[in-house]
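Spelled out from the first residue to the last, the chains are:
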Amino acid sequence: MLGCARGAAWRARRSHGQLGAADAPGLGCDFLVAECHKWLFGPRGTGLFWGRDAAWDQVTGTVPSFDRRAIGAWIGGRTPRGSGSRSPSLPGAALFEPGGFHAFEHRWALAEAFGFHLEIGKAAVAERTRALATRLKDGLAAIPAVRLVTPRAPELSAGIVCLDVGDRRPGAAAALRRQGILASVTPYVTPTCGSARAS
């Protein structure tokens, strides 16, 4: 999910498989949030949070940061930032560093995933994702019992393909999994919206 904020107006759009070819500052958003599992081939449960320098002054953390540059101020009852812009030695993101145990193996794996992604090339990854999704959508569209929910146009979709299987909804994902096809039921099932997704 790509979250874009401009002032009080929030917009969001799916970015699976497309974020790799994007340039965060060029998107014109104040903040960008993305998981790193699907598009980057990183470990499950990892993600990134990017923000423009000026945007960090507009948000306040709800939990004191454990960043060594900020925790002293919190312990002393002071806010880690001054009145106005933050100190250059304390990036805005440092105020959102969570405490507790850090999963270093995830951090190390992400460094490897970013390196692998850059070695392959961002454009090549995005193109391969589009090609595979298009192939899947074309194949599913040829099956009479399947209704595609994801748009067929490559520029309107990414690496996750949503579909509806009508009366075959119960057990459809499990049946596909038995055939080696990764599918799951979407958490936003409605009578008119697709109930399964494949990636």
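Residue positions are counted from 1 within each chain, in the order its sequence is given. Under the rules for a predicted model, residues below a pLDDT of 70 receive no local features and side-chain atom pairs below 80 are neither given nor counted, while totals for whole chains, interfaces and linings still include all residues. The basis for the side-chain values is all heavy atoms of the structure; hydrogens and waters are excluded.

Comments concerning the nonpolar core
- Ala24, Cys29, Leu32, Ala34, Cys36, Trp39, Leu40, Leu110 and Ala113 together form the largest nonpolar core, which totals 9 residues.
- Looking at this core, the elements with two or more residues in it are strand E3 (31–35) and helix H2 (104–120).
- Throughout, a contact is declared for two residues whenever any of their heavy atoms are within 4.5 Å. With residues near it in sequence (within four places) discarded, Cys36 still touches Phe41, Gly42, Thr46, Gly47, Leu48 and Leu110.
- Working definition of a nonpolar core: buried Ala, Val, Leu, Ile, Met, Phe, Trp, Tyr and Cys residues. They are joined through side-chain atoms within 4.5 Å. Relative accessibility thresholds used throughout: buried, under 20% of the residue-type maximum; exposed, over 50%; partly exposed, between the two (1.4 Å probe, protein chains only). Core analysis: the next-biggest nonpolar cluster, separate from the first, contains 8 residues, Leu140, Val146, Leu163 and Ala172 among them. Numbering of helices and strands starts at the N terminus; helices are DSSP runs of H or I of at least 4 residues and strands are runs of E of at least 2.

Let's talk about the pattern of salt bridges
- Note on definitions: salt bridges are taken to be side-chain nitrogens of Lys or Arg within 4 Å of carboxyl oxygens of Asp or Glu. Here the structure, examined in full by the defined rule, presents 4 salt bridges.
- Measuring nitrogen to oxygen at the nearest pair gives 2.5 Å for the salt bridge that ties Arg52 to Asp30. Taken together, the residues Arg52 in the loop between strand E4 (47–51) and helix H1 (68–75) and Asp30 in the loop between strand E2 (9–13) and E3 connect sequence positions 22 residues apart.
- Given a relative accessible area of 35%, Arg52 falls into the partly exposed group.
- Between Arg152 and Asp138 there is a salt bridge, and its shortest N-O distance comes to 2.7 Å. Note that Arg152 is positioned in the loop between strand E5 (147–148) and strand E6 (161–164) and Asp138 in helix H3 (residues 122–141), a separation of 14 residues in sequence.
- A relative accessible area of 46% places Arg152 in the partly exposed class.
- Exposure remark for Asp138: the relative accessible area of 38% places this residue in the partly exposed category.

A few points about the environment of Cys162
- Within the element layout of this structure, Cys162 appears in strand E6.
- As a C-alpha pair, Cys162 and Val149 span 13 residues in sequence and 5.3 Å in three-dimensional space.

Some words on the packing of H2 against H3
- Direction vectors running N to C along H2 and H3 enclose 85 degrees, while the axes themselves pass 5 Å from each other. Taken together, the axes of H2 and H3 lie roughly perpendicular to each other. Of the residues in H3, those touching H2 at His117, Leu118 and Ile120 are Lys122, Ala124 and Val125.
- Polar here means any residue outside two lists: the nonpolar Ala, Val, Leu, Ile, Met, Phe, Trp, Tyr, Cys and Pro, and the charged Asp, Glu, Lys and Arg; Gly therefore counts as polar. For the contact of H2 with H3, the residue count by class is 4 nonpolar, 1 polar and 1 charged. To obtain an axis, a line is fitted to C-alpha atoms, over the contacting stretch when the element is a helix, and the angle between two such axes runs from 0 to 180 degrees between their N-to-C directions. By the definition adopted for this analysis, an angle is roughly parallel if under 35 degrees, roughly antiparallel if over 145, roughly perpendicular if from 65 to 115, and oblique otherwise.

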